Each structure stands twice: as C-alpha cells, then as structure tokens.
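Chain by chain, the residues run as shown.
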There are 2 protein chains.
Amino acid sequence: MSPKSAPSAPSTSSVTMDKIVSLCARRGFIFPSGDIYGGINGFWDYGPLGVELKNAVKAFWWQRMVRDRDDVVGIDSAIITHPRTWDASGHTENFSDPMVDCRACKKRFRADQLDDAGRCDARDGSSEHDLTEPRNFNLMLQTHIGASADAASVAHLRPETCQPIFTDFKRVREVARQKVPFGIAQVGKAFRNEITPRNFTFRSREFEQAELEFFIHPSEREKWFAHWLGERNRFHTDLGFAKESLRNRAHAADELAHYANAAEDVEYLFPFGWQEIEGIHDRGDWDLRRHTEYSGKDLSYTDAESKESFMPMCIETSMGVDRTCLALLCNAYEEEEIGEGDVRTVMHFTPEIAPIKAAVLPLSKKLAEPARALERTLRRSWNVAYDESGNIGRRYRRQDEVGTPFCLTFDFESVDDGCVTVRERDSMEQERVAITDLVSVLRERLEPVH
Amino acid sequence: MSPKSAPSAPSTSSVTMDKIVSLCARRGFIFPSGDIYGGINGFWDYGPLGVELKNAVKAFWWQRMVRDRDDVVGIDSAIITHPRTWDASGHTENFSDPMVDCRACKKRFRADQLDDAGRCDARDGSSEHDLTEPRNFNLMLQTHIGASADAASVAHLRPETCQPIFTDFKRVREVARQKVPFGIAQVGKAFRNEITPRNFTFRSREFEQAELEFFIHPSEREKWFAHWLGERNRFHTDLGFAKESLRNRAHAADELAHYANAAEDVEYLFPFGWQEIEGIHDRGDWDLRRHTEYSGKDLSYTDAESKESFMPMCIETSMGVDRTCLALLCNAYEEEEIGEGDVRTVMHFTPEIAPIKAAVLPLSKKLAEPARALERTLRRSWNVAYDESGNIGRRYRRQDEVGTPFCLTFDFESVDDGCVTVRERDSMEQERVAITDLVSVLRERLEPVH
C-alpha cells in the first residue's frame, strides 16, 4: 500500500536539485519549516511565491475537475478521521514500510531503498551497513482526542484524502442528487511518517493531495479508466510540462496495491530520475465494500430507472500537489545565454500558474504615483508586483527569475501617451500597449481557454 | 490564552441552530465527519455546497488581505511545527483550559463554562454535578515524528496559524523585499483538543483560521490598530452581515491574553448569543522577542534609511473561517412568507460567496441539449447547477434554499429568440436577457467591486 517507486533514470536536463532548492530559498518559494529552530525533517513552508504557485495549481485542478464538469462535486473533509476508517481501508494493518537499522552507523533506512549489497542509494552511497532484519513500520501519524490518552481516544491524521470520500459517498451522492457515474473530488493535506524524507519536497511527511474518486457501473471500468487517463494527461500538458519530461507507466501485476485492479502513473523526469506525480487507479469496489462491512451501512447503489442494485466501482486520480509544484519548478527552470557572457535565470511557468502575473516598473521614482495607480487597478484581478529599485535590466532579471510573464514599464512618455511598454518574459519582446486596454490584453494572455 | 467568551445574549432572530444544522445536513453544506461510523466529536466535513462557501470566503479574504495590497504577502506553512515554536509562544506552558470531572455522571466539563451552582449550561441544563477540583488541560494535539516514540520525536499540530508567521518573519521579509510596516498572511487548519466541542462547528477541534500579522514601528501602534479594526469591519460588512448582528467588543484589561496590549473582537449574534468570529489584537513585540530568545536568532529590524534598529510590534487580525461560515449561514437564513400559507426557505448569501452562482433550468427535458450548452459556457467562469426535474416552482425553491442568486430558465422561446429568463433570488423578479449578454450581465452582478 505504500507508494512504489519506478526505477530511477538520470535526468538529461541541466537543472540540478541544488539549483532548485537554492532558488526556492532565495526567492521565497519553499524553505524548511521551523528554520530558526534548525528545521524539522520532512516539513516545508511555502513562502509568498510558493503559496501563489501552489494555490494556482490547486485552483486549476478544481476548475478542471469540479467546476468544468456536471458529474463531479467537491468536498472538504476533516484531516483527523474516525479510526475505523483506517481499519476498513486496510491502513491499520498494511500501511507500513519495511524499516531497517544499521548497527554500525545507527542510521535508519527503508529496506526497499537499499540495494542488495546493503548500500544506501542516497548521498552516502558507498558506505556499507550492518543492517537489522526489516520490521514493519506503520506510516500513519496518530494523536489522541479528548482529555484521556487511552486507546479509545486514538485518532489518525489521514494518510490520504480519498478515504473520507468513500465514507461520505452515500450522503454526498444523495445531497448532490447525482447518479452513477459521478465523482467526488477533494484537495487537502495528508500525513505520512516517512522513515527517510528526501528529495526536497518530493517525499515529505506533510503534503497535499488532489484526488478524485469516480464511481461507475462495473461494466464501464475500461472506458472510464481510459477517459481519466486521457483527462489527466491533458491536464499536465496544459500545466506546461515538456512532452519529453512526462511519461505514463503502467504498474505490473506484482506491483499493484491490494485494492487496485489496474494502475498507471504519470511520471516526471526529475533531476533525481523518473518519479510519480500522479496515479490513476482502478480501485474496483474494494473501498465501498470494506466500509459497508465495517460500518454496517449499505453503500451500494440502486439505479432509479433499471432498478439494478450494485456496488459502484471506482476510478481514482490522485495527484501529489507538492510533487507537481516541484516538477513545475524543475520544468520551468532555465539558465539562458542571452548575449555574450550574459546568462539569465528564467522560470518558464505557463502564465496561469505563474505566482506573479505582471510587474509594474516605473522608470523613475518620480513616476511612482501613476505607476502605483496602475498597480492598484491590476491587483483587482491578479497578483501583481511593483518594483522601483535598481536599473530596469536588473528589475527584468528579478522578475524572470520568478517567472513573471509580463513586465510593464511605466516611463515618462506614459504620462502623455497613456501607454506602457509590455515586455514578454520568454521572447523578451516589447510592445507598447494603451493602459486602458491593459486589463483585457493581459486577461487574454493570462487566462487562455483550453 | 484560551479563547474567552463574551456574556451570551439570546438572539432575536427566528433562526435556530436546529434549523441550520438540519439544512446543512439535508443540502450537504456541513455534516459530522465519519458519520457512517457514528461520527467523531468536534470534527466536521464540508459537503459540495459547504466547500464552495468556505472556499469563497477564503478567496474573498485572500483577495482583500493579500492581493489588493502591496504591503501584505502570504505564506502556507506546515501544520506540524517544530516543538520549540510552542515553548517560545507560551503554549506549552499556558495553552490550557481548566477541566473538571463529575464524580456522579462521569462527564467532563470546562470549569469556566459551568455556573456557580455547578450546573452545566448545555442541554442537560438542570442537573447538578459533583465536581472535582479544576485541573489544567493542555489543548494542543501532539503526535510523534520519526520511527521512535520518545520525547525527542514529539511534535504538535499547530493550535493557531500565526506562530509560523513569526518564526518565518525574517526570511519572508527578506525574500519579499518588504520594509516595516508590512504584513504576512496565512489561511489554514489549526487544531485544539477542546474539552467540550459544541454549538455545531462553532467550537470544534479542527478548524480553519485566516490570520494576518502586521509588523509596525512601535510608535504607530494606535494608528495601525485603528486601521485594521476598520478594515476588518468593512470586510464583514461586505460579506453581507446585517449591521444589527455584528458588534465590536473591546477586551477589558483583566480579559487580555498575556501577549496582548489591546484586543477587540468582532462578534456575531448567533442563535446561541453574541460570540467572537474574529479578533483584532495588538500583540506588541511579545512573539518576535520570545522567538529571538528561544532560537538565538535576532529577529529585530533595521530601517535602511534611518538606521534605527527595533523589534517590530505586531497588530494581528485573526478570523475563524468556520465560525464566519456558520455566521453567514445563520445570517442568510430566512423562512419567508411569499403568499398565503406559502413559505419558502431562502438563503440570502451575498452573490460573491454563494456556493452556486446560477442554475440553468430547462422548462422541458426536450431542451436539454441547448440548456446543457449554456451550462457548459457558464461553468468556465462559475460554479453552476443544472436541474431539469420537477416543476419550475419546485426547482426555484431548491435553489432558494441553497442561496443561488440567479435562476436561468431556458424555455421553448429561448431557441428562437436567444434569450433566457433570469429570476433573481431575493426579489423573485424576472427579466429576459440575451444569452450572448449573459456572461457580462452575471459578471457585473456577481462580482461587484467594493
């Protein structure tokens, strides 16, 4: 049940994780949580640009998966969940990783991340370990609810956002007056006590998922699996991923989780190799059957017209939001030579997910007043930056480095002709645009309809 | 440090909590988490309409507090926080409620919620209790990180979203290139192990906060406190609260939390009395001083021009998102007599926060195709419902009950004249609008600029 990793392959791109981590810290995308206290392993904070990137990815997902469709509704369930949920789902029994300790160096590893010679595949690659036998280590974080700390009060932080969808299935279907086939979507935090968090935010202990459970008639499994695989690939393409950096990878029969009948990963070619950013799974009726059994509540469905009763099957699409953001950061990064010895760092975010949509740059501080007025107008629609310090070339570089699609230079002529210079990030081409047209021009370029 | 309650006063409105709870369950706004397993006290799930309402309130807050301003930036920090955070903030020592047990009925209470005669003010109002002496009970939920369960691995679920703002203060200020005065905002989950969760979602164990910490020069405290009190009152007015249901209440000196120099609550008149939905606090430099002391990192600020170094003071605005949603549900609710013996339940949500913005209602199933096409067009911009079952009056009532501002009736004439009937929720007035104008007409009415 724990996430399986595909065999890693080295990335051909020139971007390294060190460069991404450094940019993220320097410009405030993502940095270690509790940094002033030495950090806390496996936990990350999103800074001013990171939160805008992440919110844009989540909004794009919600728009595509919920708002655009009449057959999907959303929910937002509690993170702390009834403990029986995880008995039914199998997590209490099975959601564990094999853990080994090294008697020599006292470090702890996941047994399935060591090769046969007992070498760790992380940085300390060459050292050999004196390992204990693997023990199962349950990855769920637990806490106690109420004033006593006995077993009755144990509750778990959800290790995935999908199970509450199953426990809420019957009520949500009824209140939303939906008929099978239909789906329930959720975006939210999940927690796993990873033995060895690593690769920046890729494997962290607190993370965000965007999941859809789509409930169908058993006879339509192949059709809907294909539908959702296609939809999810389209989604990632529209997010701006380069084609050669994405692939689908079907799970082999011996790789499938106990609940899955078919599974296909969307993988991105990170600097540390091909890794999953999303899974599309045919979960069959495993979850609804188990929750029916454990709760005593019948979760089957009766078709109002045919009167047929059946337990719906479920196609799941499960995206890691943090992983997708990390992949987008890697995907966007370029050190581009734009002149002899002149290299700019530029993030080629697709405009819809760029943290800052436009920057207003007055050519002189004397132009602050009208430039600020323009900034205020644009802020009603988008996240906008204002920068009046340093020469204009340097200010362009600052915006390039965080992926701002448009720089709007307000110069002395602007006061007279009512125009600003719009400089496009990727081509660096400039054009003169009337301020009165700016909102509609930007809207067209920032919010294309897919 | 635990939230203080103002003296309760009975609501004059006719809405009761039973009606709100019932509507929320029936129409899928909010219902008990883990319901099929008997629920879990103090935890709630938001259904399809609830998640849209909550997301709209959060988006409105983010727009007003972050996007509209050039002196505020956002973050999204981890829920599980470095344990030293709470030592520094005082939570480890002080964040507790006085707990008493009844030796007779074995129930547990907050001592400050019982009157002098030892009567509980909840439903079992009249019974007297045989109470133990009060003991302090820390409200933070804790968990263990890593593979061992010793003291070193203890970590807490944040009981408030503001402390990570303080621990990230220095880095965020630097990466965002902000000068004091400026603010850092965050929206996210927080957890408190309330002894007696009650009043539906009002006092729950998992909840969402929207907080701003605004850092200022010590000489400007009164000015900025007044500014933010005004801004926050304007915000709640714009959310659509009736004037007579909102009030400000300044904390008396003996009521102030240990970190606060001044505090004013925004209270809403719930069916269970006046209660806080937001607090505006002058926290002074308590937090930055304590984190400087506990981390050994200097969090003071040096003004680049005057070269003055000082510890910034902080004005906080702290809104309970779930409480605000609950207040909005109470505020919106009306049972309106619209004819002899004809009563409709209508939710008067202000359009910006209405979960569904418009409903497309074909007068006949034969019109499904063009009506569905209209629905698809509108879905690109808003959350839209489609309903073709039952007579049109009944369909209007369904939408009234969830506060949909506009019903768009597609009839047989629509095919010829390219118009639909737009029926406004509150006035129930109808007008004929060209389908080609619909997006701009709706945009104007749904997204007014405040």
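All values reported here derive from a predicted model rather than from experimental measurement.

Looking now at the environment of B:Thr404. All names here are of chain B. For Thr 404, the location among the structural elements is in the loop between α11 (392-402) and β22 (406-410). Setting aside residues up to four positions removed in sequence, Thr 404 forms contacts with Ile 356, Lys 357, Ala 358, Ala 359, Gln 399 and Arg 425. There is a polar contact of 2.6 Å between the side chain of Thr 404 and the side chain of Gln 399.

Residue and element names in this part refer to chain B. Read across the open sheet, the three strands follow the order β4-β9-β8; overall the sheet is antiparallel. Among the strands making up the open sheet, the edge pair consists of β4 (80-81) and β8 (142-144). Note that β8 and strand β9 (residues 154-157) share three bridges and pair antiparallel. By the bridge assignment, His 144 is partnered in β9 with Val 154.

Turning our eyes to something else, we now look at the interface of chain A and chain B. The interface of chain A with chain B comprises 84 residues on the first partner and 84 residues on the second. Together chain A and chain B conceal approximately 6700 Å² of surface at their shared face, both sides included; 54% is due to carbon and sulfur atoms. Interface area lost by chain A to chain B is led by A:Ile36, A:Tyr37 and A:Arg171, which between them contribute 12%. The interface formed by chain A and chain B includes 10 salt bridges.

Once chain A has been moved 0.0 Å along the axis and rotated by 180°, it coincides with chain B to within an RMSD of 0.1 Å. Taken together, the rotation angle and the small translation identify this as a two-fold axis. Looking at the rotation axis and the C-alpha trace of chain A, the residue lying nearest is A:Thr143, at 2.6 Å.

Scanning the model with the defined rule gives 90 salt bridges over all chains in all. Among the salt bridges present, the one from A:Glu316 reaches A:Arg283, with a minimum N-O distance of 2.8 Å. Placement of A:Glu316 in strand β17 (residues 313-320) and of A:Arg283 in strand β14 (residues 273-284) is noted, with a sequence separation of 33 residues between them. Among the residues examined, A:Glu316 registers a relative accessible area of 2% and is labelled buried. Between B:Arg397 and B:Asp400 there is a salt bridge; the shortest N-O distance is 3.9 Å.

All names here are of chain B. At a minimum axis distance of 12 Å, the contact between helix α2 (residues 48-67) and helix α7 (residues 221-238) shows a crossing angle of 145°. Judged by the twist between their axes, the crossing of α2 over α7 is right-handed. Note on element contacts: α7 touches α2 through Trp 228, Arg 232, Arg 234, Phe 235 and Asp 238, opposite Phe 60, Trp 61, Arg 64 and Met 65. Taken together, the residues that form the contact of α2 with α7 break down as five nonpolar, no polar and four charged.

On to the domain arrangement of chain A, then. Residue and element names in this part refer to chain A. Here chain A is partitioned into domain 1 (17-94 + 157-330), domain 2 (97-138) and domain 3 (356-446). Here domain 1 and domain 3 have C-alpha centroids that lie 37 Å from each other. On the domain 3 side, the residues contacting the six residues of domain 1 number five residues. Here domain 1 meets domain 3 over a buried area of about 510 Å², counting both sides, of which 52% is carbon and sulfur. Counting the surface domain 1 buries against domain 3, the share from its top three residues, Arg 27, Leu 49 and Glu 52, is 67%.

Let us now look at the side chain of A:Thr161. Residues and elements named next belong to chain A. Residue position: Thr 161 is located in the loop between β9 (154-157) and α5 (163-167). Side chain to side chain, Thr 161 and Glu 211 meet in a polar contact 2.8 Å long. Sequence-distant contacts of Thr 161, that is, excluding residues within four places in its chain, are made with Gln 186, Gly 188, Lys 189, Gln 209 and Glu 211.

What follows concerns the confidence of the model for chain A. Averaged over all residues, the pLDDT of chain A equals 91, while 92% of them reach at least 70. In the predicted assembly, ipTM is 0.92 and pTM is 0.93.

All names here are of chain B. The topology assignment puts Ser 364 in the loop between β20 (358-362) and α10 (368-379). Among the residues examined, Ser 364 registers a relative accessible area of 17% and is labelled buried. Within the structure, Ser 364 has its side chain in polar contact with the backbone nitrogen of Lys 366 (distance 2.9 Å).

It is worth spelling out the sheet that holds strand β4 (residues 80-81) of chain A at this point. All names here are of chain A. Pairing is antiparallel across the open sheet formed by three strands, whose spatial order is β4-β9-β8. At either margin of the open sheet sits one strand with a lone partner, and together these are β4 and β8 (142-144). Direction of pairing for β4 relative to β9: antiparallel, over a ladder of two bridges. Its bridge partner being in β9, Ile 80 is matched across the sheet by Leu 157.

Attention now moves to helix α8 (residues 286-295) of chain B. Residues and elements named next belong to chain B. Among all positions of α8, only Asp 287, Leu 288, Arg 290, His 291, Thr 292 and Ser 295 are buried. The elements touched by buried residues of α8 are α3 (84-89), α5 (163-167), α6 (169-175), β11 (206-216) and β14 (273-284). Once α8 finishes, Gly 296 follows within two positions and takes phi at roughly 75°, a positive value.

This paragraph deals with the packing of α2(B) against helix α9 (residues 321-332) of chain B. Residue and element names in this part refer to chain B. One can describe the packing of α2 onto α9 by two numbers: an axis separation of 10 Å at closest approach and a directional angle of 115°. When the axis of α2 is compared with that of α9, the two are roughly perpendicular. Seen from above, α2 lies across α9 with right-handed handedness. Contacts between α2 and α9 involve Leu 53, Lys 54, Val 57 and Lys 58 on the former and, on the latter, Val 321, Asp 322, Thr 324, Cys 325, Leu 328 and Leu 329. Grouping the amino acids of the contact of α2 with α9 by side-chain chemistry returns six nonpolar, one polar and three charged.

Glancing now at the packing of aromatic side chains. The final tally for this structure, using the stated rule, is 30 aromatic pairs over all chains. Seen from their ring centres, A:Phe169 and A:Phe215 are 4.5 Å apart, and the 50° between their planes marks the pair as tilted. Pair noted here: A:Phe169 is in helix α6 (residues 169-175) and A:Phe215 is in strand β11 (residues 206-216), with a separation of 46 residues, a long-range link. Between B:Tyr268 and B:Phe270 the ring centres are 5.0 Å apart and the planes differ by 85°, which places this aromatic pair in the edge-to-face class. Each of the two residues, B:Tyr268 as well as B:Phe270, counts as buried. Among the aromatic residues, those joined into a ring-pair cluster are A:Phe202, A:Phe241, A:Tyr268, A:Phe270 and A:Phe272. A cation sits over an aromatic face here: B:Arg232 above B:Phe235, 4.0 Å from the ring centre. One Lys or Arg, B:Arg423, reaches over the ring of B:Tyr396 and ends 4.4 Å from the middle of that ring.

Let us now look at unusual backbone geometry. Here A:Val180 and A:Pro181 are connected by a cis peptide whose omega angle stands at 5°. A positive phi is found at B:Lys307, a non-glycine position, where the angle reads about 65°. Secondary-structure assignment places B:Lys307 in the loop between β15 (301-302) and β16 (309-310). B:Lys307 sits in the exposed class, given a relative accessible area of 60%. A positive phi angle, close to 60°, is found at B:Met428, a residue other than glycine.

About the criteria used
By convention here, each chain's residues receive numbers from 1 onward along its written sequence. To read the labels, note that chains go from A and ligands from 1, taken in the order they are written. Totals for whole chains, interfaces and linings use every residue, but because this is a predicted model, local features are given only for residues with pLDDT of at least 70 and side-chain atom pairs only at 80 or more, for both listing and counting. The basis for the side-chain values is all heavy atoms of the structure; hydrogens and waters are excluded. Comment: elements are numbered from the N terminus, with helices defined as DSSP H or I runs of at least four residues and strands as E runs of at least two. Residues count as neighbours in contact if any of their non-hydrogen atoms are within 4.5 Å of one another. Whenever a nitrogen or oxygen atom comes within 3.5 Å of another N or O atom, the pair is scored as a polar contact, on the condition that within protein one atom can donate a hydrogen and the other can accept it, and that pairs from neighbouring residues in sequence are kept only if both atoms are in side chains. DSSP bridges decide pairing: two strands pair if at least two such bridges lie between them. Note on terms: buried area is the combined drop in 1.4 Å-probe accessible area of two parts once they are placed together, counting the loss on both. The term salt bridge refers to a pairing of a side-chain nitrogen on Lys or Arg with a carboxyl oxygen on Asp or Glu at a separation within 4 Å. What sets the superposition is a least-squares fit of C-alpha atoms, and only residues with pLDDT of at least 70 in both copies go into it. The buried label applies to any residue whose accessible area, calculated with a 1.4 Å probe on protein chains only, is under 20% of its type's maximum; exposed applies above 50%, and partly exposed to all values in between. Here an axis means a line fitted to C-alpha atoms, over the contact stretch when the element is a helix, while the angle between two N-to-C directions is reported on a 0 to 180 degree scale. Handedness of a crossing is defined here by the sense of rotation of the near helix relative to the far one, left-handed for an anticlockwise turn of less than a right angle and right-handed for a clockwise turn. Only Asp, Glu, Lys and Arg are considered charged, only Ala, Val, Leu, Ile, Met, Phe, Trp, Tyr, Cys and Pro nonpolar, and every remaining residue, Gly among them, polar. Where each domain begins and ends is defined by an automated method or by a domain database. The predictor rates its confidence in each residue with pLDDT, a number between 0 and 100. Relative orientations are named as follows: roughly parallel for angles under 35 degrees, roughly antiparallel for angles over 145 degrees, roughly perpendicular for angles from 65 to 115 degrees, and oblique for any other angle. Geometry of aromatic contacts follows a simple scheme: Phe, Tyr and Trp rings, the Trp one being its six-membered ring, pair when their centres are within 6.5 Å, and the pair is stacked under 30 degrees between planes, edge-to-face over 60, tilted otherwise. The criterion for a charge sitting over a ring is simple: Lys NZ or Arg CZ within 6 Å of the ring centre, and within 35 degrees of the ring normal.

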